[in-house]
Amino acid sequence: MVSIPRNKKPMIFLILDNNMHSSDEKYMQRCLELARKGIAHVKPNPMVGSVIVYQNKIIGESFHRQYGQPHAEVNAINSVIDQSLLSESTLYVNLEPCAHHGKTPPCSDLIIAKKIKRVVIGCQDSYAEVDGKGIQKMRKAGIEVIVGVLEKESRELNDAFFKFHKSKRPYLILKWAQTLDGFIDIARKIEDPIGINWITNPILKLPVHKWRSEEMAILVGAGTAINDNPRLDTREWYGKNPLRILFSETNQINTTLNLFDGSTPTLIFCDKAFINNAQNTQIIALDFSNNPIQQMLDYLYELEIQTVIVEGGQKMLQSFIDLNLWDEARVLIGAKNFKAGLSAPVISGMLKCRTTFGTDTILHYTNES
């Protein structure tokens, strides 16, 4: 084992696998790997990774770590010990460097100031504040700029970011569990106990709670809130809790439910505002005679809530499907049969992947329409 003095930082010299089609693709792949590390922390910003290469060696790399903090390019540049090498280096980044002042200064300005001679970009940023301006600024300064290396992979990584700005609504992920015979719950009776009728193996709580930690908000309807009394948190996974959202056509809501425990910021969308003493909870009145789901999505867009997981119930999920307001669906199928009960939503989309966990299966659909 090599011992590094505490007051010294090691120089980074990392040579990646040479089996890629080109060195540009090889280093761009590393950018994508780094970018994914920010998935739970950077929204509503995109996930971005950056690598700096000098004579076929990585001398600096990093990613966008936290919303409001320095971007990937800044962190990567700052990680280079010998800054004199930058003028003879290539900077790789999976998304076009910004050219505007937001919460941080423009990354393209720093790249120009450091006299980096070549920049390789995965894909152009279609966000209106950028949209080619960073590329144009760097080329005007005499930097060689290559665009479109692993472009498909780069766009897919930040699909939620691009769709949020294009569609002016949150990126919507539908999620539910269903039995082999197509039910998401038993036929409930008034006297039945409140609680979730588990369909899948408890081990699947881990990926579900991981998903929650990676997205900005989670939504349920009144029926699910009343019958299941969920907490909608990440207690089975290390990570932040998403914003909790309840959509109810009535304001007659039992405020002893877990959603009113004040532990996590919560929004309640209902037909009229009512007095609520719960901490961390806000009531928003909607006009239920005029497309209330779209009203809710407009409100969330203004709050810059980029992604929402819709977890139920059946009526809520089917409403989003019928309105074609969804981008992904994650359907968990457990090895149980209810024989009767509440039917699962009916969805038509492209099956992207199938994952098996013991006797359970997760089907991942995308909306191609």
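See the structure printed just above.
So, here is what we can say about the structure in this document. (Residues numbered from 1 in each chain as written. Predicted model: local features only at pLDDT ≥ 70, side-chain atom pairs only at ≥ 80, totals over all residues. Heavy atoms only, no water.)

Considerations on the overall build of the protein chain
The condition is simple: Here a helix means four or more residues in a row that DSSP labels H or I, a strand means two or more in a row labelled E, and each is numbered from the N terminus. Only protein chains enter the accessibility calculation, which uses a 1.4 Å probe; a residue whose area is less than 20% of its type maximum is buried, one above 50% is exposed, and one in between is partly exposed. In what follows, residue pairs with any heavy atoms lying within 4.5 Å of each other are defined as contacts. Accessible areas in this description were obtained via Shrake-Rupley with a 1.4 Å probe; residue shielding takes into account the shown protein chains only. We treat Lys and Arg as the positive residues and Asp and Glu as the negative residues; His and chain ends play no part in the count. Each charge is placed at NZ for Lys, CZ for Arg, CG for Asp and CD for Glu.
When helices and strands are counted, the protein chain shows 10 helices and 16 strands. In terms of overall dimensions, the protein chain has C-alpha extents of about 75 × 45 × 45 Å along its principal axes. For the protein chain, the proportion of its 369 residues judged to be buried stands at 50%. Within the protein chain, contacts between residues at least 6 apart in sequence are counted, and of these 68% link residues at least 24 apart. Carbon and sulfur atoms make up 51% of the accessible area of the protein chain, which totals about 18,500 Å². Across the protein chain, 42 positive and 40 negative side-chain charges occur, with their mean positions spaced 5 Å apart.

Comments concerning the pattern of salt bridges
Put simply, the rule is: Salt bridge criterion: a side-chain nitrogen from Lys or Arg within 4 Å of a carboxyl oxygen from Asp or Glu.
For the structure shown, the criterion picks out 20 salt bridges. Its salt-bridge partner being Lys43, residue Glu215 comes within 3.8 Å of it at the nearest N-O pair. A residue pair is termed long-range when its members are at least 10 positions apart, and Glu215 in the loop between helix H7 (205–214) and strand S8 (217–221) and Lys43 in the loop between helix H1 (23–35) and strand S1 (49–54) qualify at 172 residues. For Glu311, the salt bridge is made with Lys175, and the minimal N-O distance between the two is 3.8 Å. Of the two residues, Glu311 is situated in strand S12 (residues 307–312) and Lys175 in strand S6 (residues 171–178); the sequence distance between them amounts to 136 residues. Exposure class is identical for Glu311 and Lys175. Each is buried. One connected set of salt bridges, linked through shared partners, spans Asp159, Lys163, Arg169 and Asp327.

Side note on the sheet that holds S1
Put simply, the rule reads: For two strands to be treated as a pair, DSSP must find at least two bridges joining them. Note on definitions: angles span 0 to 180 degrees between N-to-C directions of axes, and those axes are lines fitted to C-alpha atoms, for helices only across the stretch in contact.
In spatial order, the strands read S2-S1-S3-S4-S5; together these five strands make up an open sheet with mixed pairing. Each edge of the open sheet is held by one strand with a lone partner, namely strand S2 (57–63) and strand S5 (144–147). Across the sheet, the mean angle separating the axes of adjacent strands is 15° when strand polarity is ignored. As defined by bridge partners, strand S3 (residues 90–95) adjoins strand S4 (residues 118–123) across five bridges and the pair is classed as parallel.

Describing the nonpolar core
Going by this rule: To form a nonpolar core, buried Ala, Val, Leu, Ile, Met, Phe, Trp, Tyr and Cys residues must be joined to one another through side-chain atoms within 4.5 Å.
In terms of nonpolar packing, the biggest core is built from 33 residues, with Leu174, Leu219, Phe269, Met296 and Phe320 touching the most fellow members. Core analysis: the next-biggest nonpolar cluster, separate from the first, contains 25 residues, Tyr171, Val220, Ile268 and Ile283 among them.

Regarding H7
Most of H7 sits out of view: seven of its 10 residues are buried. Pro207, Val208, His209, Trp211, Arg212, Ser213 and Glu214 are the residues of H7 that are buried. Residues of H7 that are buried in the fold lie against S6, S8, S12, strand S13 (328–333) and strand S16 (360–366).

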